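An overview of the molecular structure
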Amino acid sequence: MQPFDTHTGMVMPVDTRGLNNDHVGKRMRVELADGESLEIRLHELTVCDKPEPCCGITYILHSTNCSDGKRDIGSTYWTAFGEIEKFEVLGD
């Protein structure tokens, strides 16, 4: 079964890990495959006909469990859907 976007009523051409346009603007916790845990505000989904490298999420970073200096709090980042293990909506 292909991913379905309840906002547009359309089938998404790639596995968005359950994320859809209803999540845009929400504050979320996202767990990545490398073990990093992010608290973000989802800005947009990038969904294209081919899975990678163009499909993923753009977000504003609120916090991370990594202290390696790779990411700055308050900055905007993009992450591929394939890197996302799970997510939780924390609020609006």
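Residues numbered from 1 in each chain as written. Predicted model: local features only at pLDDT ≥ 70, side-chain atom pairs only at ≥ 80, totals over all residues. Heavy atoms only, no water.

We now examine the confidence of the model for the protein chain. The pLDDT averaged across the protein chain works out to 86; a share of 83% of its residues lies at or above 70. Across the protein chain, the secondary-structure element scoring lowest on mean pLDDT is strand β1 (residues 4–5), at 48, and the one scoring highest is strand β3 (residues 27–32), at 98. (pLDDT = per-residue confidence, 0-100. Helix = DSSP H or I, 4+ residues; strand = E, 2+ residues; numbered from the N terminus.)

Next up on the list: the pattern of salt bridges. In total, this model carries five salt bridges according to the counting rule given. Note that D92 is salt-bridged to K26, the shortest N-O span being 2.4 Å. Note that D92 is positioned in the segment after β7 (84–91) and K26 in the loop between β2 (10–11) and β3, a separation of 66 residues in sequence. Here E88 ties to R29 by a salt bridge, and the two come within 3.1 Å at their closest N and O atoms. With E88 in strand β7 and R29 in strand β3, the pair connects residues that are 59 residues apart, well separated along the chain. Overall, E88 belongs to the partly exposed group, its relative accessible area being 42%. Among the residues examined, R29 registers a relative accessible area of 30% and is labelled partly exposed. (Salt bridge = Lys/Arg side-chain N within 4 Å of Asp/Glu carboxyl O. Buried < 20%, exposed > 50% of the residue type's maximum accessible area, 1.4 Å probe, protein only.)

Another aspect to go through is unusual backbone geometry. The phi torsion at R17 lies on the positive side, around 65 degrees, for a residue other than glycine. Locating R17 in the fold gives a position in the loop between β2 and β3. Accessibility expressed as a relative area gives 34% for R17, which makes it partly exposed.

The next point concerns the nonpolar core. Grouped together as the largest cluster of nonpolar side chains are 17 residues, with contacts concentrated most on L19, I40, I57, F81 and I84. Mapped by element, the contributors of at least two residues to this core are β3, β4 (37–46) and β5 (56–64). Tallying contributions element by element places β4 first for this core, with four residues. Setting aside anything within four residues of it in sequence, one finds I84 in contact with R17, L19, V30, E31, L32, I57 and T79. (Core = buried A, V, L, I, M, F, W, Y, C linked by side-chain atoms within 4.5 Å. Contact = heavy atoms within 4.5 Å.)

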